[in-house]
Amino acid sequence: MTMDKSLRVRKGSSGARGVLSRAERITKLKEQERWQDGRSPLGLPKVRVQKLAMKKKVKKVEGAEGAAAKPAAGAKKK
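Remember, predicted model here, so these are calculated numbers, not experimental data. (Residues numbered from 1 in each chain as written. Predicted model: local features only at pLDDT ≥ 70, side-chain atom pairs only at ≥ 80, totals over all residues. Heavy atoms only, no water.)

Concerning the overall build of the chain
Logical step 1: Scanning the chain for helices and strands turns up two helices and zero strands.
Logical step 2: Counting only residues that meet the buried cut, the chain has 8% of its 78 residues in that class.
Logical step 3: Accessible area for the chain stands at about 8,600 Å²; split by element, carbon and sulfur atoms hold 54% of it. (Helix = DSSP H or I, 4+ residues; strand = E, 2+ residues; numbered from the N terminus. Buried < 20%, exposed > 50% of the residue type's maximum accessible area, 1.4 Å probe, protein only. Areas by Shrake-Rupley, 256 points an atom, 1.4 Å probe, with all protein chains shown as cover.)

And the structure:
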């Protein structure tokens, strides 16, 4: 029997997660020096997850180079 497309696991879907596991939260708290040894792992404080934002690339066109790359407005296409 075949599996429905909506139920398949996609390889690229493992992007940025908004939720950390308990162990990941404890390591973040240790890095921030907010974790005390011997403390219960239940009821942990919230830990902010920073998301990476992609910056848009800006193309800069300089005088002669930009004019040579683009055809003139009145030029005919072959």
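Section: the nonpolar core
Logical step 1: In terms of nonpolar packing, the biggest core is built from five residues, these being Ile26, Leu29, Trp35, Leu44 and Val47.
Logical step 2: In contact with Val47, other than residues within four places in its own chain, are Leu20, Arg25, Lys28 and Leu29. (Core = buried A, V, L, I, M, F, W, Y, C linked by side-chain atoms within 4.5 Å. Contact = heavy atoms within 4.5 Å.)

Considerations on the environment of Arg17
Logical step 1: By secondary structure assignment, the location of Arg17 is in the segment before α1 (22–31).
Logical step 2: The spacing of Arg17 and Gln50 is 33 residues in sequence and 9.8 Å in space, taken between C-alpha atoms.

Considerations on unusual backbone geometry
Logical step 1: We note that Glu33 has phi near 60 degrees; this positive angle belongs to a residue other than glycine.
Logical step 2: Inspection of the secondary structure assignment puts Glu33 in the loop between α1 and α2 (63–69).
Logical step 3: The exposure class assigned to Glu33 is exposed, which follows from its relative accessible area of 73%.

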